[in-house]
Amino acid sequence: MGVMPARAANSPANLYEHLISRVAMDRVCMETPSGQTFSFGDADEWSGRLANLLILCGVAPGDRVAAQIEKSPQAVFLYLACLRAGAAYLPLNTAYTLEETDYFLGDARPKVVVCPPERREDIAGLCRGHDVPHLFTLGREGDGDLIEKSRGMPASFRTVQVSPQDLAAILYSSGTTGKPKGAMLTHANLLSNAQTLVQAWAFTRADVLLHALPIFHVHGLFVALHCALMSGARMIFLPRFDAAQVCTLLPRATVFMGVPTYYTRLLAIEEFGRAKCRGMRLFTSGSAPLLADTFEQFRRRTGHTILERYGLTETLMNTSNPREGERLAGSVGLPLAGVEVRIAGQNDRPLAADTMGEIQVRGPNVFAGYWHRPEMSAAFFTADGFFRTGDLGRMDGKGYAYIVGRAKDLIISGGYNVYPKEVEDCIDRLEGVQESAVIGMPHPDFGEAVMAVVVPRPGASIDPEAIKLCLRGRLANYKLPKLVVISMELPRNTMGKVQKNRLREVFLPKWTEFVKSFERVAILHRVAPGFGPELPS
Ligand code: MLC
């Protein structure tokens, strides 16, 4: 791989200056499926107006601006405005319930919150509770008072000078214990990773990125958006992933990025194949393991080899299969330029090739710690400055990395992380519940999906459907168990720890029956019987 691009001495530290000001302002940067286009000049002017509005609200460098909004070009302008104003952008998944959102606002104490118009009343209540002084609305069509109020603001804005270590964004990431923590990402983190990816994946202004990912997580917001903006490429900006729409628009694109679910859904479309991909030069996959089956099928159907890469909220991207050179199924590739990746054993000692251990990462991409949790942050770093990912992996003799197991118990469903402990805590608080165990089960559409095994209190009777209903208002929809089963006890080892592997074995037949009843899953299996886990017929 190439060398890490260094920041020239006089190069501005504010990421914004690297994303927008590099190309002719009349070039199109985003187009929507309805044919609306926005140029780089539009992005500059709208982010200028919004930055002026933020300053009017008293936003000072380092202040948080929380955005729980649907994907739209205007949402991108808001993100850019935060960079320009020196604020920390805090994106929140729109699937979060009020209870979850309340926690994030209480923890991050933003100065400004932006939410969809239809959620205004509810979010206003939370803002009052946390003394958030400013609340605006932004809808999926660019409607709402945020754009209305910024319309009258000057379009020109002098982008705030920052130092490379200044905060650019906070993204919350859960852990196996405790509440979600805000990962602090600096301008230098985002800039170095964007430059590295543009180079590694050879982005140029001739590219057209079909952008289908949500923009409240690292994958859609940083990996996809930054590569396109920084290289002056055009984006076809979809509000959400819709396999049929992606299939229709692919012939106009050159690059596509997705989670594995996007690829399995595309493969389930009969007319998806070489003709649709004729102009494409790169498909990348991340956020969840890409099954070798999907990798092979995709290659057979399209002639393209999906490039898998590995990253985390805390570190952005760490490894990538090569653009030129062998892309290996099941491997997340080689360390990116400037990023050190090692497999460590006891006492953080590096292990030999092909030995399994913890994946640890050091480099300019690694975050600055968790928001107002310095002691906890320190515990995640080794004495020599490597970040402990908690993921288990190995590296072969050529330096290709393989993820063998994710951080303890983590379930990755359709590219979203679900921590069993969070779901278990929620179930255990319900009436009549003695205890519960939440496990990830193989799922042909989402890769893995959530299942809960619930033990009732003596004498209590529990309805699994009632449990699902109770959880709905409390947990984001992708965390909800797809199946709840009742059991009189949980298998435990001699130490008293619940044996989740045993639970997976015991309930596999029941789960398989359940999964087969889904129409979408049935379609996936009919069209491509090799998908994902074997479903007994
Ligand atoms: C939606 N549903 C899910 C789900 N997404 N269930 C489990 N897992 C998911 N990921 C459920 C909803 O609760 C709902 O259930 C039903 O599916 C339909 O909802 P939907 O919103 O219409 O679903 P759909 O649009 O089909 O969304 C599925 C998806 C989406 C795969 C397209 O989840 C997605 O875009 N995922 C990408 C995630 C992502 O960007 N991750 C990046 C993280 S960054 P019900 O019961 O209400 O009907 C990261 C770092 C890195 O990890 O390295 O990249």
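Residues numbered from 1 in each chain as written. Predicted model: local features only at pLDDT ≥ 70, side-chain atom pairs only at ≥ 80, totals over all residues. Heavy atoms only, no water.

(A) Spotlight on the overall build of the chain. The secondary structure content of the chain amounts to 16 helices and 24 strands. By the compact-globule yardstick of 24 Å for 537 residues, the chain fits well, its C-alpha radius of gyration being 23 Å. Across its three principal axes, the chain shows a C-alpha extent of roughly 65 × 55 × 50 Å. Expressed as a percentage of its 537 residues, the buried residues of the chain come to 58%. Across the chain, contacts joining residues at least 24 apart in sequence account for 67% of those joining residues at least 6 apart. When the accessible surface of the chain is totalled, it reaches about 21,900 Å², and 51% of it is carbon and sulfur. Within the chain, one finds 59 positive and 55 negative side-chain charges whose respective centroids are separated by 3 Å. (Helix = DSSP H or I, 4+ residues; strand = E, 2+ residues; numbered from the N terminus. Rg over C-alpha atoms; globule rule 2.2 N^0.38 Å. Buried < 20%, exposed > 50% of the residue type's maximum accessible area, 1.4 Å probe, protein only. Contact = heavy atoms within 4.5 Å. Areas by Shrake-Rupley, 256 points an atom, 1.4 Å probe, with all protein chains shown as cover. Lys, Arg positive; Asp, Glu negative; His and termini not counted. Charge placed at Lys NZ, Arg CZ, Asp CG, Glu CD.)

(B) Focus on the nonpolar core. Grouped together as the largest cluster of nonpolar side chains are 117 residues, with contacts concentrated most on Y79, L80, W201, F222 and F256. Among the nonpolar cores identified, the runner-up in size contains 41 residues, and V113, C115, V132 and I170 belong to it. (Core = buried A, V, L, I, M, F, W, Y, C linked by side-chain atoms within 4.5 Å.)

(C) Here's a closer look at the pattern of salt bridges. Under the defined criterion, the tally for this structure stands at 26 salt bridges. The residue E70 makes a salt bridge to R140 at a minimum N-O spacing of 3.5 Å. Residue E70 is located in the loop between β3 (64–67) and α3 (73–85), and its partner R140 is located in the loop between β6 (134–137) and α6 (145–151); the two are separated by 70 residues in the primary sequence. For E70, a relative accessible area of 21% translates into the label partly exposed. Given the relative accessible area of 48%, R140 is considered partly exposed. For K479, the salt bridge identified is with E100, shortest N-O distance 2.5 Å. Remark: E100 occurs in helix α4 (residues 98–108) and K479 occurs in the loop between α14 (464–472) and β24 (483–486); sequence separation between them is 379 residues. The same class applies to K479 as to E100, namely buried. (Salt bridge = Lys/Arg side-chain N within 4 Å of Asp/Glu carboxyl O.)

(D) Quick peek at the site of the ligand. Around the ligand sit 23 residues in total, of which R240, Y262, S287, R309 and S413 are the nearest. R240 places a side-chain nitrogen or oxygen 2.5 Å from an oxygen atom of the ligand. Between the ligand and the protein, one listed contact pairs a nitrogen atom with a backbone N or O atom of G415 at 3.0 Å. Relative to its unbound accessible area of 1,000 Å², the ligand is 76% covered by the protein chains. Among the elements that take part in the shell around the ligand, helix α10 (residues 260–267) stands out by supplying 3 residues, more than any other. Among the residues forming the shell around the ligand, the class breakdown is 9 nonpolar, 9 polar and 5 charged. (Near = heavy atom within 4 Å. Polar contact = N/O pair within 3.5 Å; in protein donor to acceptor, adjacent residues only side chain to side chain. Nonpolar A, V, L, I, M, F, W, Y, C, P; charged D, E, K, R; others polar.)

(E) Up close: the sheet that holds strand β13 (residues 307–312). The strand order β2-β1-β10-β9-β11-β12-β13-β14-β15 describes an open sheet built from 9 strands, whose pairing is mixed. Two strands in the sheet have a free side with no partner beyond their single neighbour: β2 (37–39) and β15 (334–335). When strand β1 (residues 28–31) meets strand β10 (residues 234–237), the two strands line up parallel, connected through 2 bridges. Residue pairing across strands places E31 opposite I236, the latter belonging to β10. (Pairing = 2+ DSSP bridges.)

(F) Highlighting the environment of R109. Looking at the secondary structure, you find R109 in the loop between α4 and β5 (112–115). In this structure R109 comes out as partly exposed when scored by relative accessible area, which is 44%. Residues R109 and V132, 23 residues apart in the sequence, show an inter-C-alpha distance of 6.9 Å. The residues touching R109, leaving out its near neighbours within four places in the chain, are R64, F104 and H130.

(G) Structural context of the packing of aromatic side chains. Evaluated as defined, the whole model comprises 23 aromatic pairs. Seen in terms of ring centroids, F38 and F77 are 5.6 Å apart; in terms of plane orientation they differ by 70°. Their pairing is edge-to-face. Taken as a pair, F38 in strand β2 and F77 in helix α3 lie far apart in primary sequence, 39 residues in all. The pair formed by F38 and F77 is uniform in burial state, with each residue classed as buried. By the ring-pair criterion, three or more aromatic residues cluster together here, those being F241, F256, Y262, Y263, F272, F283 and F298. If you follow K71 out to its NZ or CZ, it ends over the ring of F237, 4.7 Å from the centre. (Phe/Tyr/Trp six-rings, centres within 6.5 Å; stacked < 30°, edge-to-face > 60°. Lys NZ or Arg CZ within 6 Å of the ring centre and 35° of its normal.)

(H) Looking closely at unusual backbone geometry. You will see that S287, though not glycine, has its phi angle at about 80°, which is positive. Its location among the elements puts S287 in the loop between β12 (282–285) and α11 (292–302).

(I) Up close: helix α7 (residues 187–200). Here α7 contains 14 residues, and its C-alpha end-to-end distance of 20 Å stays within 8% of the 20 Å for a straight helix at 1.5 Å per residue. Within α7, 13 of the 14 residues are buried, leaving the element largely enclosed by the surrounding structure. Remark: A202 follows α7 within two positions and exhibits a positive phi of approximately 55°. (Expected span 1.5 Å × (residues − 1).)

(J) Quick look at the pairing of β5. Here β5 shows no split at all, with V112 and V114 on one side and V113 and C115 on the other all buried. For β3 and β5, the ladder comprises 3 bridges, and the chain directions are parallel. Bridge pairing in β5 places V65 opposite V112. By the bridge criterion, 4 bridges tie β5 to β6 in an arrangement that is parallel. Bridge pairing in β6 links C115 to T137. Each parallel crossover has a hand, and for β5 linked through helix α5 (residues 120–129) to β6 it is right-handed. (Right-handed = clockwise from strand over helix to strand, strands pointing away.)

(K) Inspection of the sheet that holds strand β19 (residues 401–405) at higher detail. Strand order across the open sheet formed by 4 strands is β16-β17-β18-β19, with antiparallel pairing between neighbours. Of all strands in the sheet, those with a lone pairing partner are β16 (340–344) and β19, marking the two edges. Ignoring which end each strand starts from, the neighbouring axes of this sheet average 50° apart. Sheet topology places strand β18 (residues 387–395) next to β19; 4 bridges connect them, and they run antiparallel. Paired with R394 across the two strands is Y402, which belongs to β19. (Axes fitted to C-alpha atoms, helices over the stretch in contact; angles between N-to-C directions.)

(L) Structural detail: α10. Along α10, 8 of the 8 residues are buried, which leaves the element largely enclosed by surrounding structure. All of the buried residues in α10 are P260, T261, Y262, Y263, T264, R265, L266 and L267.

(M) Highlighting a nonpolar patch on the surface. Residues M356, L392 and V404 make up a contiguous nonpolar surface patch of roughly 250 Å² in combined accessible area. Inspection of the secondary structure puts M356 in the loop between β16 and β17 (357–362). (Patch = residues over 30% accessible without salt bridge, like charges linked within 9 Å, V, L, I, M, F, W, Y side chains within 5 Å.)

Everything listed here is a matter of geometry and, on its own, says nothing about what the molecule does.
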